[in-house]
There are 4 protein chains.
Amino acid sequence: MIIVMKPGASTDHVKGLLERIEAKGLKALHMPGAERVVLGALGDERVLAELHLEADPMVESVKPVLAPYKLVSRELQPHDTIVRIGAASFGGGRFGLIAGPCAVENEAQLLGSAKAAKAAGASVLRGGAYKPRTSPYAFQGLGEEGLRLLEQVGREVGLPVVTEVIESGDVEIVARHADALQIGARNMQNFALLKAVGRAGKPVILKRGMSAKIEDLLMAAEYVLASGNDQLILCERGIRTFETATRNTLDLAAVPVLKAKSHLPVIVDPSHGTGIRDLVTPMALAGAAAGADGLMVEVHIDPKAALSDGPQSLHPDEMLELGRKLAALLPLLGRSL
Amino acid sequence: MIIVMKPGASTDHVKGLLERIEAKGLKALHMPGAERVVLGALGDERVLAELHLEADPMVESVKPVLAPYKLVSRELQPHDTIVRIGAASFGGGRFGLIAGPCAVENEAQLLGSAKAAKAAGASVLRGGAYKPRTSPYAFQGLGEEGLRLLEQVGREVGLPVVTEVIESGDVEIVARHADALQIGARNMQNFALLKAVGRAGKPVILKRGMSAKIEDLLMAAEYVLASGNDQLILCERGIRTFETATRNTLDLAAVPVLKAKSHLPVIVDPSHGTGIRDLVTPMALAGAAAGADGLMVEVHIDPKAALSDGPQSLHPDEMLELGRKLAALLPLLGRSL
Amino acid sequence: MIIVMKPGASTDHVKGLLERIEAKGLKALHMPGAERVVLGALGDERVLAELHLEADPMVESVKPVLAPYKLVSRELQPHDTIVRIGAASFGGGRFGLIAGPCAVENEAQLLGSAKAAKAAGASVLRGGAYKPRTSPYAFQGLGEEGLRLLEQVGREVGLPVVTEVIESGDVEIVARHADALQIGARNMQNFALLKAVGRAGKPVILKRGMSAKIEDLLMAAEYVLASGNDQLILCERGIRTFETATRNTLDLAAVPVLKAKSHLPVIVDPSHGTGIRDLVTPMALAGAAAGADGLMVEVHIDPKAALSDGPQSLHPDEMLELGRKLAALLPLLGRSL
Amino acid sequence: MIIVMKPGASTDHVKGLLERIEAKGLKALHMPGAERVVLGALGDERVLAELHLEADPMVESVKPVLAPYKLVSRELQPHDTIVRIGAASFGGGRFGLIAGPCAVENEAQLLGSAKAAKAAGASVLRGGAYKPRTSPYAFQGLGEEGLRLLEQVGREVGLPVVTEVIESGDVEIVARHADALQIGARNMQNFALLKAVGRAGKPVILKRGMSAKIEDLLMAAEYVLASGNDQLILCERGIRTFETATRNTLDLAAVPVLKAKSHLPVIVDPSHGTGIRDLVTPMALAGAAAGADGLMVEVHIDPKAALSDGPQSLHPDEMLELGRKLAALLPLLGRSL
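Predicted model only: the values in this text are computed from it and were never measured.

Visitor: Any chance you could break down the sheet that holds strand β11 (residues 204–207) of chain D for me, citing the residues and the numbers?
Guide: All names here are of chain D. Pairing in this closed barrel of eight strands is parallel, and the strands run β7-β8-β9-β10-β11-β12-β13-β14 around the ring. Across the sheet, the axes of successive neighbouring strands diverge by a mean angle of 25 degrees, strand direction being ignored. Strand direction decides the pairing type here: strand β7 (residues 96–100) and strand β8 (residues 124–126), joined by two bridges, are parallel. When the sheet's bridge partners are listed, Ala-99 is paired in β8 with Leu-125. Contacts from helix α6 (residues 191–198) reach β10 (180–183) and β11 within the one sheet, and its direction differs from that of β10 by about 170 degrees. Sheet strands touched by helix α7 (residues 214–226): β11 and β12 (232–236). Its angle to β12, the strand with the most contacts, is close to 160 degrees.

Visitor: Break down the pattern of salt bridges for me, with residues and values.
Guide: One pass over the structure, following the stated rule, counts 64 salt bridges over all chains. Residue C:Arg126 pairs with C:Glu298 through a salt bridge whose shortest N-O separation is 3.7 Å. Remark: C:Glu298 occurs in strand β14 (residues 294–298) and C:Arg126 occurs in strand β8 (residues 124–126); sequence separation between them is 172 residues. Accessibility classification places C:Arg126 together with C:Glu298 in one group, the buried group. The residue C:Asp269 makes a salt bridge to C:Lys207 at a minimum N-O spacing of 2.6 Å. With C:Asp269 in the loop between β13 (266–268) and α9 (270–274) and C:Lys207 in strand β11 (residues 204–207), this residue pair connects regions lying 62 residues apart in the sequence. Neither residue differs from the other here; C:Asp269 and C:Lys207 are each classed as buried. Three or more residues are tied together by salt bridges with common partners; here these are A:Arg208, A:Glu236, A:Asp251 and B:Glu243.

Visitor: Can you tell me about the relation of the copies chain B and chain C, naming the residues and giving the values?
Guide: Screw-axis analysis of chain B against chain C gives a translation of 0.0 Å along the axis, an RMSD of 0.0 Å, and a rotation angle of 180 degrees. Those values place the two copies in the arrangement expected of a two-fold rotation axis. Proximity to the rotation axis, assessed at the C-alpha, singles out B:Ser211 in chain B; its C-alpha lies 2.7 Å from the axis. Taken as a fraction of all interface residues of chain B, those also at the interface in chain C reach 100%, which identifies the copy contact as same-surface.

Visitor: Can you lay out the interface of chain B and chain C for me, pointing to particular residues and giving the numbers?
Guide: In this complex, chain B contributes 31 residues to the contact, which on the side of chain C involves 31 residues. At the boundary of chain B and chain C, one finds two salt bridges. Taking the shortest distance from any N to any O, the salt bridge between B:Arg240 and C:Asp216 comes out at 2.7 Å. In this assembly, chain B and chain C are joined by 17 residue pairs in polar contact (both at pLDDT 80 or more). Those elements giving two or more residues to the side of chain B that touches chain C turn out to be α6 (191–198) and α7 (214–226) of chain B. At five residues, the largest contribution of residues to the side of chain B that touches chain C is made by α7(B). Classifying every residue of the side of chain B that touches chain C by side-chain character gives 14 nonpolar, eight polar and nine charged.

Visitor: Quick rundown of the packing of aromatic side chains? Include the residues and the values.
Guide: Residue and element names in this part refer to chain C. Counted according to the given criterion, the structure contains four aromatic pairs over all chains. Look at Phe-191 and Tyr-223: their rings are 4.5 Å apart centre to centre, the planes differ by 25 degrees, and that puts the pair in the stacked class. Of this pair, Phe-191 sits in helix α6 (residues 191–198) while Tyr-223 is found in helix α7 (residues 214–226), placing the two residues 32 residues apart along the sequence. Residues Phe-191 and Tyr-223 agree in their burial class; the two are buried.

Visitor: Describe the relation of the copies chain B and chain A, and please don't skip the residues or the numbers.
Guide: In this arrangement, two copies of a chain are superimposed by a rotation about an axis accompanied by a shift along the axis. Expressed as a screw transformation, the operator carrying chain B onto chain A has a rotation angle of 180 degrees and an axial translation of 0.0 Å, and the superposed copies differ by an RMSD of 0.1 Å. In this assembly, 100% of the residues forming the interface of chain B have copies in chain A that are likewise at the interface, indicating an isologous arrangement.

Visitor: A description of the interface of chain B and chain A should follow, citing residues and the corresponding values.
Guide: Each partner contributes residues to the interface: chain B has 33 residues there, and chain A has 33 residues. Taking both sides of the interface into account, the surface hidden between chain B and chain A amounts to around 2,500 Å²; carbon and sulfur atoms contribute 78%. When residues of chain B are sorted by the area they lose upon contact with chain A, B:Lys213, B:Phe242 and B:Glu243 head the list and together hold 22% of the total. Our count for the chain B to chain A interface comes out at two salt bridges. Here B:Glu243 ties to A:Arg208 by a salt bridge, and the two come within 2.6 Å at their closest N and O atoms.

Visitor: I'd like a description of the state of the cysteines, backed by residues and values.
Guide: This model, assessed by the stated rule, comprises zero disulfides over all chains. Here A:Cys235 is not disulfide-linked; the sulfur of A:Cys102 is the nearest cysteine sulfur, at 13 Å.

Visitor: Tell me about helix α8 (residues 254–261) of chain C, and please be specific about residues and values.
Guide: Of all the eight residues making up α8(C), six are buried; the element is thus mostly covered by neighbouring parts of the structure. Among all positions of α8(C), only C:Ala254, C:Val255, C:Pro256, C:Val257, C:Leu258 and C:Lys259 are buried. In the core, the buried residues of α8(C) are packed alongside α7, β12 (232–236), β13 and α10 (277–290) of chain C together with α10 (277–290) of chain D.

Visitor: Which residues make up the pairing of β7(D), and what values do they have?
Guide: Residue and element names in this part refer to chain D. Most of β7 is tucked away: five of the five residues are buried. Of the two faces of β7, the one lined by Gly-96, Ile-98 and Gly-100 and the one lined by Leu-97 and Ala-99 are each fully buried. Pairing of β7 with strand β14 (residues 294–298), which is carried by five bridges, proceeds in the parallel orientation. Counterpart to Gly-96 in the pairing with β14 is Gly-294.

Visitor: Explain the sheet that holds strand β3 (residues 37–42) of chain A to me, and be specific about the residues and the numbers.
Guide: Residue and element names in this part refer to chain A. Overall, antiparallel pairing links the four strands, which are arranged β2-β3-β1-β4 in an open sheet. The open sheet has two edge strands, β2 (27–32) and β4 (59–63), and neither has a second partner. Strand-to-strand twist in this sheet, taken as the mean axis angle between neighbours without regard to direction, amounts to 20 degrees. Relative to β4, strand β1 (residues 2–5) runs antiparallel, the two being bridged by four bridges. If you follow Ile-2 over to β4, its bridge partner there is Lys-63. In this fold helix α1 (residues 11–23) packs onto β1, β2, β3 and β4, with an angle of close to 155 degrees to the strand it touches most, β2.

Visitor: Kindly report on the confidence of the model for chain A, identifying the contributing residues and their values.
Guide: Regions with low pLDDT carry predicted coordinates that are not meant to be interpreted in detail. A residue-level look at chain A finds 100% of positions with pLDDT of 70 or above and a mean pLDDT of 94. As a predicted assembly, this complex carries a pTM of 0.92 together with an ipTM value of 0.91.

Visitor: Explain the packing of α7(D) against helix α8 (residues 254–261) of chain D to me, using residue names and the numbers behind them.
Guide: Helix packing for two helices is described by the angle between their axes and how far apart those axes are. Residue and element names in this part refer to chain D. Where α7 meets α8, the axes come as close as 11 Å, and the angle between the chain directions of the two elements is 45 degrees. For the element pair α7 / α8, the angle class is oblique. In this structure, the crossing between α7 and α8 has a hand that is right-handed. Residue-level contacts link Ile-214, Leu-217 and Leu-218 of α7 to Ala-254, Val-257, Leu-258 and Lys-261 of α8.

Cut-offs used in this document
Residues numbered from 1 in each chain as written. Chains lettered and ligands numbered in written order. Predicted model: local features only at pLDDT ≥ 70, side-chain atom pairs only at ≥ 80, totals over all residues. Heavy atoms only, no water. Pairing = 2+ DSSP bridges. Helix = DSSP H or I, 4+ residues; strand = E, 2+ residues; numbered from the N terminus. Axes fitted to C-alpha atoms, helices over the stretch in contact; angles between N-to-C directions. Contact = heavy atoms within 4.5 Å. Salt bridge = Lys/Arg side-chain N within 4 Å of Asp/Glu carboxyl O. Buried < 20%, exposed > 50% of the residue type's maximum accessible area, 1.4 Å probe, protein only. Least-squares fit on C-alpha atoms with pLDDT ≥ 70 in both. Polar contact = N/O pair within 3.5 Å; in protein donor to acceptor, adjacent residues only side chain to side chain. Nonpolar A, V, L, I, M, F, W, Y, C, P; charged D, E, K, R; others polar. Phe/Tyr/Trp six-rings, centres within 6.5 Å; stacked < 30°, edge-to-face > 60°. Buried area = accessible area lost by both parts, 1.4 Å probe. Disulfide = S-S within 2.5 Å. pLDDT = per-residue confidence, 0-100. Parallel < 35°, antiparallel > 145°, perpendicular 65-115°, else oblique. Left-handed = near helix turned anticlockwise from the far one by under 90°.

Below, the structure is given as structure tokens:
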């Protein structure tokens, strides 16, 4: 339920209502706005009815949240949420560029790639230390050693870092080294992991699963917010369809749909979304034009030697060129890098 | 096979080779370029081998076309084909905007919508006279009367017109009234119809089928070119996937893929591609950013009264706004309206 | 609308009602049952309301058809329709086996394959004369010569024949040679063709399109029935999904869904549905177990020499074995070959 | 690599080879057969080449495993693996029926449902204690209390029990109470969890992910086998496609494909595969006819009161009827309940 207070409602009055909601075992939300205070109450609506909130003299209206997701919904929170990773901002007109190699391989590879990202205007460095790989015999990432390298190189080039966490048990150590935690597509409905990152106190990037409907993605985000973390960025990275010319089908219409339904920022990953280097730049620009609040792009100092995802990683000069094009395009689209 | 001639090859020599190719029952192609002449020979390659073209003193090289499509392939024809519908051009850096109502309903509706299209910068007017409808009980279009209205209104506002043809038997009458013929998604593999429009001598817009791979679309285009018509525009209009938040999933990565594989111009239809008015403008801009050579957009003077596709038709003022945004964006993308 | 008459309604009374319905420009249906007569009225329901049929003393009830399809719906026609092709029957507990080569290639190939089909218990011979091929350079079928061979061989082995028609203009000649007309998956929404076969007076087999929902298939069938032909068999032949291990994904759940929603018989084509010979027999048996009223199977006297679809065609001995297994299984499933 | 020994190879000789393989850091497999011993060596094949095994006098042949999966492949292990859960067997001609409610709700519900399962011939009882739910606000299962109830009721009715584990940290406690561990579709590529169940020493049922290709499923199974557990059953439970008439599209062709590529048993879940009660029985029979080694079916003592998946749960009498039909059908298909 969304409870809109009348303009003159006092802080004490609001506090009293929140306490009454919580006393019934419901989750109470406090959302003060410029003009009036809005409260939320999540849980069994029959219980809520017993409070007769609509009869309160300072309550203007009580209305249900129609969507199955609540905390992520624009119904409940009409203003854009801005998510900050270090000095980078996503949402509310701010556009963030996340770039780096698929996997952390060694210091030279990471540093070279990070410098290429930084030169192109990236505001966050990415790099995988724990890699979810289809085959048990493929390179599985450097693990903790990779986390340490990532943190060190991020500091060296002056960029905050984001990396994927694939297991609840790893959340603590990843959160110790990284500025933001990424949930990969294969784990989008690993609900135990969603709850764990929700409690970790770091911004989260949640990637859409390969067969996840837009509503499924928002429900997965709801798990994170319901665990106490609203610093969450949604990421469109392609869905699985019958088309085989590209690795996935990048569903860019998901960007304006997500932004209409949710207040959370939305970014696009054209690298996984296409799987083909030559398509990364056009689809990055298309993502920006579709209204994305940022991009996540793979760049590698030497793509042909990459231990994973080489064919979709940009060369440093291509990364630079993408940065230039974005810088020219974004102001026309009402956003800034 | 692609036969590249040496720089000094005389016209007579080339003509002789073309005659020898045709005498073997193969299709011969003559593609004079700025620096040298290229010939094509399509058909049974064992027969071609009997000509021993590589032994001809003026032949520089003979190489196979690797793709299953030949005439539409960039291997055979490396330069962009520019397709012209009236004064509008598509391809080679020229961007065309096709707009109009889904269906021709009556003169007032069509004229009002056409003026809105024209005001927004459209260079071609669209409108359906024969409508392929899922239900036999739905409005099936005005037929010949619709064609006459379309031609008349096009002349009145000064725009060439394109309309869909759904049956081989109708190709002649549609070609009499329209400046370009459209093949709809449901007929993309109606091979009899593809051959008929190939012989009609008018530019063709070929829409991708809902379950067509990019290669299937190119093979369908090959039918048209093999029937003698190379004035063909490919149109991405969304594929069918599990996602239900949008009517179709607009596969914008298909744009750079198609342009890499083929010399034909590629346009995007964000109206059918999303089915939702509010998504049309962001996806139109995204299509342009992805590299499209044009757009096909539905606009209606009064969408809520439309006999078909009202929910995805732009209002005239939204159309105008889209035109403005495109005009600002395209120069940055190296194309002009 | 479905109009249920009271038990004692006279023939004249019913006739009078039908005339009143038609006088309003609606389509009137007469469905006499064992216990009582049911009438149907299709068209603008506001017009129907003007007749005040519920006030007629011999009318028991008037209720709407909820599905978007009407004539194909079980709401309107609760009893199984039995479709007959020559001596073969499909539906209402009767199971028909259609078999033969993908394409008619020559007399020896067709006759050998037809004998193999007959020996295995097939009741209808299939064979394509007009082949819809993805590539314009592939074998397109023998055309009219193929029709003649098919008719001749069918007579020789004593089986009725079915063949695909791909173009409205060909319906007449195909109907002259064949006992039933097939609409292929690519033409499932070629509405002009659906209307043409609806008027041809021969049983129709309608294949589900590769991206057609079950409801789309029923709407396509409605076109045929609305054109005056209710001898129609629905055919599940696989849909296009992300899975590439099989040519298509055979959606066997469509069989019980279709049979619940429609009175029309449903068959399964495991040859196109899988594209792989070794999968044809298990999926044929699975189709029967799922409740199908028949099968359409490709058999070729020499699959490795087939001009099309060799990899999915059964060898004659495999066909024989399939026939044996079906004969054992069907009685347990309440159906007979 | 697969190393086939000559018929007379001594145990000591074989042991020596295995030690040499392991000394190189490769995984060595010992697969004694009726006629001859086969060894496997997994890992970097360049390292293996250094052993020059083909020069060993008792080695008949050395050949690569072509598939990306190794331990699950029929290339490496040609004979059917039989997986045993309590007294139930799956594979090698033995057919197992797993039945029970979606979730453990309380003792009465579980006991009633378990008796219905047992009466119908089920050999394993299923019931979820940890439920992966799309919404954080939906019933998430009884947790450990559910495990205890499941174990107790299983003992009471005399059936082994299987339940889902959704988090690595829960594997130990689940393995303490259950006879087999289930990995759900959403966790099919939760590689940390796959490794954990691989080490748990209990049989595993691995469900195919909603967007998993058959090869992805086999690669996920490879994770479990590579962790030391070859008692694994593959489960087809429907994939996500554009069709919305059913909850998922049950891909029954996956059954014969999986059985051709792997030695592991394959079962079908028609409950999740369709989501609709009336489709469960026909698709269960179809699964058996397609060659499955077993079924997993949801039955509930009172489906309309179920806390989850009520619409797809069989009533006890429907379960009984399914058991009767299976008992009649299976002997014809060469398998026994």
